[in-house]
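# Residue-level structural notes
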Amino acid sequence: MKRPRSIGRSSALAVVLGLSGSLVAVPAVADGPRVPQARWGSCPEDVVAEAAPTGLQCATVPVPVDYADPGGARIDLMISRLVSTSPDKRRGTLMLNPGGPGGSGLALPALLVARGLPAGVLDSYDLIGMDTRGIGHSAPVTCGLTLDGPYTSNIPPYAPDDAAVTDQAKTAEKVAEQCARQDNDGRLRHLTTANTARDLDRIRAALGEEKTSYLGYSYGTALGAAYASMFPERSDRIVLDSNLGDTHLDRDGLRRYALGMEQTFPDFAKWAAARHDSYGLGRTPAQVRRTYLTLAEGLDKAPVAGFDGKLLRQYTFALLFKKLQYPKLAQQWQALADGDDTAARPLSEKATTGKASSAIDNPLAVFAAVTCNDIKWPENVDTYRQGVAEDRTRYPLFGAATANITPCAFWRHAPAEPPVPVNDDGPRNVLLVQNLRDPATPHLGGRMLRQKFADRSRLLSVDDSGHGAYVLGDNPCALNTTTRYLVEGKMPGKDVFCRAG
């Protein structure tokens, strides 16, 4: 999923997601030749602009393209650092990941500072952001995708019938073929969660640290779970916020997005119902839900200002990520329900052209590569037709989108190794933070990972809505409990429930 930031069609509407061949074992250990120490300097201009005025430093760390061939080709990963200014309180490094896969994280230290990351955390750690392999300033990959093409989102479009699944299969196959054609140097197949976890350990070594702490959001929880599983002795304090439920995103994980929307939508519906006199979307939550379903079906037949039913569903899903976005969502619904082309068009254009076409290519390519390389996806189109039919009924709001077919059904390469298994043999150092209502990573994901990590973990459940709880949310219990763990090492003795703040 998707990094914790504002969302347009070109970014977190691109939030989110036949292989054959033998699996090749690749060693977990990232150590090999001595890793040179990171040499810090200025950051690229785009990072400086996004991170100002925090004064980030940047460096590069060389890593193997293929860890099965450690002496072969290498790429440079760019990392950033916000240094602790309290040497007497400094514990070590806190690596950060915003999610994706495909989210740039170089400016994440600055983002968290701007959102109010407590001083105790800033004193205790050097904050380490990064563009993981294939992203941004770290040997970026491409599939040649553009906004005016048919593939602009990691989440497939809503499929109202079987024919729509067939049409999406053609698009997905073309995207897989296009990615293969663009992969001139063969690097795409090495974009995996396991390799990125190995990269984290190379970065740890380049920083001169025996251990590293970690804070990851959304897909960053899968990466953090993989690192804590592959390198338990080198993991210090691990916080995983908005959990996928495993070390990778598979088809079941993508389909859980629809469960998340069903569980989160009532919060918006209640909010909108209380403001019916302003927006006219329904006087009760049930009426607001009917408005959504009726509006989407109507836009399927007659789009308004470029907004069709598929885009409305994607747009609604994306704006459920943060409660602060509810007014924008209600405003757009109102304009579309009124058929007001003049009022809807500026909002529609902002939603569909929030970035240059070139800006969507890299995150979409990384998302496809990592999700398709991590685990084998079904190849039979009928499997997706059946799933869409099931989830259209089970999750009416969005199920016929998240169950739809993706490029992974046609990906050229089989996974080079199995997904990283969650390792419950290690220190009790994994704090799982999870909102009860999250559109992309429902609470079920936190429960799943809690069961897999067993006594290594504790689950912090937050009675709140949205994607991202620690610092990105406003629940005081979630903030205080997580900060105590990061700063003082006080892992809760049992799972914790945080009441609405």
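All of the points below concern the structure found in this document. Just so it is clear, the structure is predicted and the values come from calculations on it, not from any experiment. (Residues numbered from 1 in each chain as written. Predicted model: local features only at pLDDT ≥ 70, side-chain atom pairs only at ≥ 80, totals over all residues. Heavy atoms only, no water.)

## Considerations on the pattern of salt bridges
For clarity, the cut-off: The salt bridge definition used is simple: a Lys or Arg side-chain nitrogen within 4 Å of an Asp or Glu carboxyl oxygen. Put simply, DSSP H or I for four residues or longer makes a helix, DSSP E for two residues or longer makes a strand, and each gets a number counted from the N terminus. In this scheme, a residue with accessible area under 20% of its type's maximum is buried, one over 50% is exposed, and one in between is partly exposed, where area comes from a 1.4 Å probe on protein chains only.
For the coordinates displayed, the defined rule picks out 25 salt bridges. Taking the shortest distance from any N to any O, the salt bridge between Arg 198 and Glu 417 comes out at 3.0 Å. Placement of Arg 198 in helix H5 (residues 193–206) and of Glu 417 in the loop between helix H15 (399–402) and strand S7 (430–437) is noted, with a sequence separation of 219 residues between them. On the accessibility criterion, Glu 417 (12% relative accessible area) is buried. Between Arg 283 and Asp 277 there is a salt bridge, with its nearest N and O atoms 3.3 Å apart. Exposure remark for Arg 283: the relative accessible area of 55% places this residue in the exposed category. Via salt bridges that share partners, Asp 201, Arg 204, Glu 233 and Arg 234 belong to a single interconnected network.

## Considering the packing of aromatic side chains
Two numbers describe a pair of aromatic rings. These are the distance of the centres and the angle of the planes. As a reminder, the rule being used: Centre distance within 6.5 Å is the pairing criterion for rings of Phe, Tyr and Trp, where only the six-membered ring of Trp is used; planes under 30 degrees apart are then read as stacked, over 60 as edge-to-face, and the remainder as tilted. Sitting over a ring, as applied to charges here, requires NZ of Lys or CZ of Arg to be within 6 Å of the ring centre and within 35 degrees of the ring normal.
Tallying each qualifying case throughout the model produces 14 aromatic pairs. For the pair Phe 268 and Tyr 326, a centre-to-centre distance of 5.3 Å together with 75 degrees between the ring planes defines the contact as edge-to-face. Highlighted residues: Phe 268 in helix H7 (residues 251–273) and Tyr 326 in helix H11 (residues 326–337), separated in sequence by 58 residues. Across this residue pair, the class does not change: Phe 268 and Tyr 326 are buried. Through pairs of rings, three or more aromatic residues link up here, namely Phe 265, Phe 268, Trp 271, Tyr 279, Tyr 292, Tyr 326 and Trp 333. Lying across the ring of Tyr 384, Arg 251 places its NZ or CZ 4.8 Å from the centre. Geometry around Tyr 158 places Arg 313 over its ring, the cationic atom sitting 3.7 Å from the centre.

## Examining the environment of Thr 316
Spelled out, the test is: Contacts are assigned to residue pairs with any non-hydrogen atoms lying within 4.5 Å of each other.
Of note, Thr 316 is situated in helix H10 (residues 309–319). Exposure remark for Thr 316: the relative accessible area of 0% places this residue in the buried category. On a C-alpha basis, the gap between Thr 316 and Ile 128 in space is 33 Å, while along the polypeptide they are 188 residues apart. If we skip the residues at most four places from it in the chain, Thr 316 touches Met 261, Phe 265, Tyr 292, Leu 329 and Trp 333.

## Description of the nonpolar core
Applicable threshold: By nonpolar core is meant a set of buried Ala, Val, Leu, Ile, Met, Phe, Trp, Tyr and Cys residues that side-chain atoms within 4.5 Å join together.
With 117 residues, the main nonpolar core has Leu 240, Phe 265, Phe 268 and Trp 333 as its most contacted residues. Ignoring anything within four residues of it in the chain, the contact list for Phe 268 reads Leu 281, Val 288, Leu 320, Tyr 326, Leu 329, Ala 330 and Trp 333. Leu 106, Tyr 125, Leu 215 and Cys 498 belong to the second largest nonpolar core, which has 34 residues in total.

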